[in-house]
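The chain contents come next:
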Amino acid sequence: MHKSPIGIFDSGVGGLTIYEEIHRLLPHENIIYLADSKNAPYGEKSKEEIIAISVKNTEFLLSHDCKLIVVACNTASTNAVKFLRENYDIPFIRVQPAIKPAALKSKTKVVGILATKSTLNSELLFETSQRFAQGVDVVEKVGEGLVSLIESGDMHSPEMTDLLNKHIQPMLEKNIDHLVLGCTHYPFLTDQIKEIVGDKVGIIDSGEAIARQTKVILQGENLINPESGEINRVFYTNKDPQVMQKILDEFDEGFKAIKTDF
Ligand code: DGL
């Protein structure tokens, strides 16, 4: 079981931002990544649809013998992890918008969160804000169109700059001093977002925290792979592999995006 891979899934390439952090912290783990790009964006689907898709992704990863699954998608985490935990025996790690650290660090007492419609409407987000952002104004904005543009491989287009400006300027007008990236696709846009918000606004994502949490759970369950031998990392996508390949090439480790009919 120790050697079995960690499974990671997302509605596409976004979860690779989580993968990167897990890879950094747990270099001896085998990993299977599933980009369900065919079904992206999840953010506009109903809870029932997101649960059904997450079950399918889980079954795929279990068929590859995964010992733990990281749901590297805020939208699937907020909508489906409860169901997955109730119905499967392995541990599931969920991602969650980093509202707590943003609220703790905020001096203006106004923070922004950019996420999908479904994440912003979720109970989990409401509870997190209630619990950790007392006395802090949380300005919410749906990052409409961002996931689709990233999935089409159009990350650096003028259209992306226009969209980001449109979403972020209204939050700046409300005096936010921290911006939470509540979707795992958005850290790919960090440099472009920095250009818009300048150095007075901190940008926070959950990648590192999720990697730490994954390590804690693996240790607790005695599932850490102690071997430093050959490590296998496999990256599946059910859509155009070129988009994923471009990102994998930036990791510079010779990984190949594999097209699956899943
Ligand atoms: N990466 C997903 C998330 O974190 C994107 C959601 C979507 O497909 O709309 O929410």
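Quick note: structure is the one above.
Described in the following lines is the structure provided in the data block. (Residues numbered from 1 in each chain as written. Predicted model: local features only at pLDDT ≥ 70, side-chain atom pairs only at ≥ 80, totals over all residues. Heavy atoms only, no water.)

Nonpolar side chains tend toward joint burial in soluble globular proteins. Core analysis: the biggest nonpolar cluster contains 52 residues, and L16 and V70 have the highest contact counts within it. Sequence-distant contacts of V70, that is, excluding residues within four places in its chain, are made with I6, G7, I8, F9, I18, I22, I93, I210 and T214. Y42, I51, V55 and C73 belong to the second-largest nonpolar core, a separate cluster that totals 24 residues. (Core = buried A, V, L, I, M, F, W, Y, C linked by side-chain atoms within 4.5 Å. Buried < 20%, exposed > 50% of the residue type's maximum accessible area, 1.4 Å probe, protein only. Contact = heavy atoms within 4.5 Å.)

So, on to a negative patch on the surface. On the surface, D249, E250, D252 and E253 cluster together into a patch of negative charge. When you line up the elements, E250 lands in helix 11 (residues 241-251). (Patch = residues over 30% accessible without salt bridge, like charges linked within 9 Å, V, L, I, M, F, W, Y side chains within 5 Å. Areas by Shrake-Rupley, 256 points an atom, 1.4 Å probe, with all protein chains shown as cover. Salt bridge = Lys/Arg side-chain N within 4 Å of Asp/Glu carboxyl O. Lys, Arg positive; Asp, Glu negative; His and termini not counted. Charge placed at Lys NZ, Arg CZ, Asp CG, Glu CD. Helix = DSSP H or I, 4+ residues; strand = E, 2+ residues; numbered from the N terminus.)

On to the site of the ligand. Taken together, 13 residues are adjacent to the ligand, and S11, Y42, G43, T75 and H185 come closest. Within the side chain of S11, an N or O atom sits 2.6 Å from an oxygen atom of the ligand. For the ligand, the protein covers 99% of the area, taking 300 Å² as the surface of the free molecule. Its residues assigned to classes, the shell around the ligand comprises five nonpolar, seven polar and one charged. (Near = heavy atom within 4 Å. Polar contact = N/O pair within 3.5 Å; in protein donor to acceptor, adjacent residues only side chain to side chain. Nonpolar A, V, L, I, M, F, W, Y, C, P; charged D, E, K, R; others polar.)

This next bit is on the sheet that holds strand 4 (residues 92-94). Strand order in this open sheet of six strands is 4-3-1-2-9-10, and the pairing throughout is parallel. Strand pairing shows two members of the sheet lacking a second neighbour, strand 4 and strand 10 (257-259), which therefore form its edges. Strand-to-strand, the axes of this sheet are offset by a mean angle of 25 degrees, without reference to chain direction. Its contacts with the sheet put helix 2 (residues 47-63) on strand 1 (6-10), strand 2 (31-35), strand 3 (68-71), strand 4 and strand 9 (233-237), and the angle it makes with strand 1 is roughly 150 degrees. Across the sheet, helix 3 (residues 74-87) lies against strand 1, strand 3 and strand 4, angled at about 160 degrees from strand 4, the strand it touches most. (Pairing = 2+ DSSP bridges. Axes fitted to C-alpha atoms, helices over the stretch in contact; angles between N-to-C directions.)

A word on unusual backbone geometry. Put simply, A40 and P41 share a cis peptide bond, and its omega is -5 degrees. Positionally, P41 belongs in the loop between strand 2 and helix 2. Notably, K109 is not glycine yet its phi reads approximately 65 degrees, a positive angle. Tracing the backbone shows K109 in the loop between helix 4 (99-105) and strand 5 (110-115). According to the relative accessible area criterion, K109 is partly exposed, its value standing at 39%. With phi around 55 degrees, N222 is a residue other than glycine that occupies positive phi space. Of note, N222 is situated in the loop between helix 10 (207-220) and strand 9.

Quick look at the environment of N74 now. With respect to the helices, strands and loops of the structure, N74 is situated in helix 3. Residue N74 is classed as buried on the basis of its relative accessible area of 3%. As a C-alpha pair, N74 and G182 span 108 residues in sequence and 6.7 Å in three-dimensional space. Beyond its immediate stretch of four places on either side in the chain, N74 contacts V95, Q96, P97, T119, G182, C183 and T184.

Take the packing of helix 1 (residues 16-25) against helix 10 next. Contact pair helix 1 / helix 10: the axes reach a minimum separation of 8 Å and the direction vectors enclose 50 degrees. The angle between helix 1 and helix 10 falls in the class oblique. As for the relative orientation of helix 1 and helix 10, their crossing is right-handed in sense. Along the contact surface, helix 1 presents I18, E21, I22 and L25, while helix 10 presents G207, E208, I210, A211, R212, T214 and K215. Grouping the amino acids of the contact of helix 1 with helix 10 by side-chain chemistry returns five nonpolar, two polar and four charged. (Parallel < 35°, antiparallel > 145°, perpendicular 65-115°, else oblique. Left-handed = near helix turned anticlockwise from the far one by under 90°.)

As a further point, take the packing of aromatic side chains. Scanning the model with the defined rule gives seven aromatic pairs in all. Look at F60 and Y236: their rings are 5.3 Å apart centre to centre, the planes differ by 85 degrees, and that puts the pair in the edge-to-face class. Of the two residues, F60 is situated in helix 2 and Y236 in strand 9; the sequence distance between them amounts to 176 residues. The burial state of F60 is the same as that of Y236; both residues are buried. Relative to F262, the ring of F60 has its centre 4.8 Å away and its plane inclined at 55 degrees; by these criteria the two rings are tilted. Of this pair, F60 sits in helix 2 while F262 sits in the segment after strand 10, and the two are 202 residues apart along the sequence. (Phe/Tyr/Trp six-rings, centres within 6.5 Å; stacked < 30°, edge-to-face > 60°.)

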